[in-house]
Amino acid sequence: MVKFMLHSYAFSNFQSFRERTEVDLTLSRKTALTDWMGTAPTGERVSKLMAVIGPNGSGKTALLKPMAFMAWFIGQSFQQPPDATIPVAPHFMAPNDPTEFEAVVDFDDKLWRYVLRLTPERVLHEALYLKRERFGYVFMRDWDAESRSYVVKQQDFGLPAQEARKVRPNVSFISWRPSLGFPWRCAWRPRPSSPRECAGPDAHGRASHAGRCAHFSDHPDQQQRMDQLLTTWDLGLSGVELREVPLNNPQEPSQTVWMPFCKHRSHGAEFRLPFALESSGTQGAFVLLARLLEALENGGLAVIDEFENGLHPHMLEPILDLFANPATNPHQAQLLFTCTPWRC
């Protein structure tokens, strides 16, 4: 298992942040080691947890979104249509200036630095550096406005020059070559009102439950862990059963979907209820665990907006303890989240 730990990231001209903003998770070696810290393979001490606390409209979500964007751009931007714009929003006072991102991460027992400068139309500069005695580039890619093409330099990146010239302006150089194996693991759950694919735990619709069920059905170990945790946190629950049920689609009568059912015991009898009838806290934990258990099992980063939304207050500490406990977090996964001060 390759460990992946985020050390720091920075960005500028992104949403409500116009000036350069830096977020650093590294800690001094003089700091007493606790369960909330991890030691990276390169020797640095890094926090496994970061909470961003503030009132609505203070920029909490925008502070976390750069990590979600970089993870998407590095891992999935090659799936974009050739003529699609890059979904990045500059500050409203600088709409024509480029947006910049930077991250320092630890994986494969090495320290890497990723730098990206772009507009919604194209990448202007992208580079990946590896620290040996000092940081040296693995690749550098710069847009030449005069020739309307990219100037690319590589050192041990392994993308043939002819193939490098084919990389589209709206795609990451790393994403174009997925065989590189850059394990940028970031599970992102936006706030409930976000148009992204994951509705938060406040929107416990059929589609939300079905998506999590499909995930757990493909990952039986995580399903078992989810069942154990929910039955511990919800005293009235004796288990969670996943069923494949008909979707009732007249055009495709055989189509099915995974749905959760909660098991309860009363007076010696066991009965099952649709998950939608359970408490908001239990539903919220089920949705959230699909993201968190994946990070805990494989390592990487979970980024959760409005972490406490829909959860019972008594569930917050046990969920955070999953990241502190080495037994439940053997790969030193990290959790970044936002919350409002009156809920935390």
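One can find the structure itself at the top, above this paragraph.
Below or above, wherever it landed, is the structure these notes cover. (Residues numbered from 1 in each chain as written. Predicted model: local features only at pLDDT ≥ 70, side-chain atom pairs only at ≥ 80, totals over all residues. Heavy atoms only, no water.)

## Digging into the overall build of the protein chain
Looking only at helices and strands, the protein chain features seven helices and 17 strands. Burial analysis of the protein chain (344 residues in total) assigns 49% to the buried set. When the accessible surface of the protein chain is totalled, it reaches about 16,700 Å², and 50% of it is carbon and sulfur. (Helix = DSSP H or I, 4+ residues; strand = E, 2+ residues; numbered from the N terminus. Buried < 20%, exposed > 50% of the residue type's maximum accessible area, 1.4 Å probe, protein only. Areas by Shrake-Rupley, 256 points an atom, 1.4 Å probe, with all protein chains shown as cover.)

## Describing the side chain of D305
Considering the arrangement of structural elements, one finds D305 in the loop between β16 (301-304) and α7 (313-324). A polar contact of 2.8 Å, which involves the side chain of D305, links it to the side chain of T61. At 2.5 Å, the side chain of D305 forms a polar contact with the side chain of T338. (Polar contact = N/O pair within 3.5 Å; in protein donor to acceptor, adjacent residues only side chain to side chain.)

## Regarding the sheet that holds strand β8 (residues 110-118)
Taken together, the seven strands give an open sheet; going across it, the order is β2-β1-β7-β8-β9-β10-β11, and neighbouring strands pair in antiparallel fashion. Every interior strand has two partners, whereas the edge strands, β2 (21-24) and β11 (149-154), have only one. Adjacent strand axes in the sheet meet at a mean angle of 10 degrees, parallel and antiparallel pairs treated alike. Pairing analysis gives nine bridges linking strand β7 (residues 99-107) to β8, with the strands arranged antiparallel. Bridge pairing links V105 to W112 in β8. Where helix α1 (residues 60-76) meets the sheet, it contacts β1 (4-12), β2, β7, β8 and β9 (123-131), and its direction lies at approximately 110 degrees from that of β1. (Pairing = 2+ DSSP bridges. Axes fitted to C-alpha atoms, helices over the stretch in contact; angles between N-to-C directions. Contact = heavy atoms within 4.5 Å.)

## Notes on the sheet that holds strand β3 (residues 26-27)
Strands pair in a sheet through their backbones, by hydrogen bonds, and they do so in one of two ways: parallel or antiparallel. Strand order in the open sheet made by the three strands is β3-β5-β4, with antiparallel pairing throughout. Strands at the two margins of the open sheet, each flanked by one partner only, are β3 and β4 (37-39). As paired strands, β3 and strand β5 (residues 45-47) are joined by two bridges and run antiparallel to one another. Of the residues in β5, the one forming a bridge with L27 is R45.

## Looking at unusual backbone geometry
Phi is positive for Q15, close to 55 degrees, though the residue is something other than glycine. On the secondary structure map, Q15 appears in the loop between β1 and β2. Phi is positive for H267, close to 55 degrees, though the residue is something other than glycine. Mapped onto the fold, H267 is located in the loop between β14 (256-266) and β15 (269-274).

## Regarding the pattern of salt bridges
Per the stated rule, a full pass over the model turns up ten salt bridges. In this structure, R113 and E102 form a salt bridge, with 3.7 Å as the shortest nitrogen-oxygen distance. Of this pair, R113 sits in strand β8 while E102 sits in strand β7; the two residues are eleven residues apart in sequence, bridging distant segments of the chain. Looking at E102, the relative accessible area reads 19%, which means it is buried. Its salt-bridge partner being R272, residue E241 comes within 2.6 Å of it at the nearest N-O pair. Of this pair, E241 sits in strand β13 (residues 239-246) while R272 sits in strand β15; the two residues are 31 residues apart in sequence, bridging distant segments of the chain. Taken together, the salt bridges that share partners define one network made up of E241, R243, R265, E270 and R272. (Salt bridge = Lys/Arg side-chain N within 4 Å of Asp/Glu carboxyl O.)

## Side note on the packing of helix α5 (residues 220-233) against helix α6 (residues 280-298)
Helices that pack against each other are described as a pair by the angle of their axes relative to one another and the distance between those axes. Packing of α5 against α6 brings their axes to within 10 Å, and their N-to-C directions diverge by 140 degrees. When the interaxial angle is binned, α5 and α6 end up oblique. By crossing handedness, the relation of α5 to α6 is classed as right-handed. Every residue of α6 that contacts α5 at D221, Q222, R225, M226, L229, L230 and W233 is listed here: T282, A285, F286, L289, A290, L293, E294 and E297. (Parallel < 35°, antiparallel > 145°, perpendicular 65-115°, else oblique. Left-handed = near helix turned anticlockwise from the far one by under 90°.)

## Some points on α7
Among the residues of α7, M315, L316, I319, L320, L322, F323 and A324 are the ones counted as buried. Buried-residue contacts for α7 involve β6 (49-53), α5, α6, β16 and β17 (334-339).

## Quick word on the packing of α5 against α7
Two numbers describe how α5 lies on α7: the axes approach to 11 Å, and their chain directions differ by 150 degrees. Taken as axis vectors, α5 and α7 run roughly antiparallel relative to one another. Crossing hand, α5 versus α7: right-handed. Here R225, L229 and W233 of α5 come into contact with α7, specifically with M315, P318, I319 and L322. Class assignment of the residues belonging to the contact of α5 with α7 gives a composition of six nonpolar, no polar and one charged. (Nonpolar A, V, L, I, M, F, W, Y, C, P; charged D, E, K, R; others polar.)

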